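Below are the chains, spelled out letter by letter.
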Amino acid sequence: MITIEILIGNNYNEWKKHMDFALGIVDSNMALREAKLADLIDTSTAVEKDHFTKWERSNRLSLLAIWGTILEHLMSGLPETTAGSLFLNAMAERYKVNKNAQARTLMSILSGMSYNNADGVRAYILGMIGNALRELQDIKVDDKNGFAADYIPNSSFYSLQSLEAMDCESLKEVIGETSNLVSDNFGIFSRLKILSLSNLPNLKSIIGRALTFPSLTNLWVKKCPNLRKLPFDSNSARSTSNLRTIRGETDWWEGLEWDDETTKHIFSPYLEEIIMRRNERG
């Protein structure tokens, strides 16, 4: 069962990510992706009637999920609408100022840095990237953003709570480690809650070593045929107390390599199989 964190006012980005993830997992986000069709009439086709019924069901479930995870006093001032997408749009406008404030903070950090000519240009650029990424809470990487790299630089994502990578043919490793960046096991991903990997045909590794994931709740892996090992070991098993679900194809899971069978046995109960549609099978 997927649990959505309650919106308390200062956690909108995290709440929205959980909401999108949960509704997407159970295929109930149709009403948030598509506009409502015109009302049915006597001449409506069977296809139109079926689509209308599915949209209404999706909208009803979406609204129940949204309203059930917001503190009552936060509902004040939001529109009285029966469309989940319109309700979410109004909420996004309300909390957009928080996201803009985060962006301004990052720009302030970057613009305040100065090159000291001591460690070289490469170290300076990596330092700029590291300082920016340390403050990020959500990262989404896909080909639509023009991403073309083998890996994302490891900058010890102290604040990162959600990481999503999808449709990136070039991506071979989610996080690439460099020797001059922090490499302790406790800082990297200490707050990560959602890790979603989808349609990454050349991905071979998440990170080159096992880590603890004390905050991880959901891991989703879909169409990553060359990912043969997860960054889990016996220490990970002891520290991943918040884990709720691992979503992936059964064949992929059974083909994974593990340091020992005990670790696999500990994580196996969290697996929820992804049923691939015929047109998704490669």
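The residue numbers shown here count from 1 along each chain, following its written sequence. Local features in this predicted model are restricted to residues of pLDDT 70 or higher, and side-chain atom pairs are both shown and tallied only at a pLDDT of 80 or more, whereas totals for entire chains, interfaces and linings draw on every residue. Calculated side-chain values reflect all of the structure's heavy atoms, with hydrogen atoms and water omitted.

A.B. asks: Help me understand the packing of aromatic side chains, please; the structure alone is not making it clear to me.
C.D. replies: When we look at a pair of aromatic rings, we describe it by the centre distance and by the angle of the planes. Under the pairing criterion, centres of Phe, Tyr and Trp rings, with the six-membered ring standing for Trp, must be within 6.5 Å; the plane angle then separates stacked pairs below 30 degrees from edge-to-face pairs above 60, leaving the rest tilted. For the structure shown, the criterion picks out six aromatic pairs. With a centroid separation of 5.7 Å and an interplanar angle of 85°, the aromatic rings of Phe213 and Phe232 are classed as edge-to-face. Separated by 19 residues along the polypeptide, Phe213 in the loop between strand E5 (194-198) and strand E6 (218-222) and Phe232 in the loop between E6 and helix H6 (234-239) bring together distant segments of the chain. A centroid spacing of 5.3 Å and a plane angle of 65° characterise the contact between Trp253 and Trp258, whose relative ring orientation is edge-to-face. Taken individually, Trp253 and Trp258 each receive the classification buried, so the pair is uniform in this respect. Taken together, the aromatic side chains of Phe213, Phe232, Trp252, Trp253, Trp258 and Phe267 make up a single cluster linked through ring pairs. Per the convention used, a helix needs a DSSP run of H or I reaching at least four residues, while a strand needs a run of E reaching at least two, with both numbered from the N terminus. For every residue, the accessible area obtained with a 1.4 Å probe (protein chains only) is divided by the maximum for its type, and the residue is called buried under 20%, exposed over 50%, and partly exposed between those limits.

A.B. asks: Even after reading the chapter, I still don't get the sheet that holds E6, so can you show me in this structure?
C.D. replies: Strand pairs in the sheet, formed through backbone hydrogen bonds, run parallel or antiparallel to each other. Here we have six strands laid out as an open sheet, ordered E1-E3-E5-E6-E7-E8, and parallel in their pairing. Two strands close off the open sheet at either side, each with one partner strand: strand E1 (138-142) and strand E8 (271-273). This sheet shows a mean twist of 10° between the axes of neighbouring strands, independent of strand direction. If DSSP finds at least two bridges between two strands, the strands pair. Strand direction decides the pairing type here: strand E7 (residues 245-248) and E8, joined by three bridges, are parallel. Bridging across to E8, Ile246 finds its partner in Leu271. Axis geometry follows a simple rule: fit a line to the C-alpha atoms, using only the stretch in contact for helices, then measure angles between N-to-C directions, giving values from 0 to 180 degrees.

A.B. asks: So what exactly am I meant to see when it comes to the side chain of Asn59 here?
C.D. replies: On the secondary structure map, Asn59 appears in helix H3 (residues 46-67). Given the relative accessible area of 6%, Asn59 is considered buried. In terms of polar contacts, Asn59 uses its side chain to reach the backbone amide nitrogen of Gly84, at 2.8 Å. Throughout, a residue-residue contact means that at least one pair of heavy atoms, one from each residue, lies within 4.5 Å. Every residue in contact with Asn59, bar those within four places of it in the chain, is listed here: Ala31, Thr82, Ala83 and Gly84. Counting of polar contacts relies on pairs of N or O atoms within 3.5 Å, with two restrictions inside protein: one atom must be capable of donating a hydrogen and the other of accepting it, and residues adjacent in sequence are counted only when both atoms are side-chain atoms.

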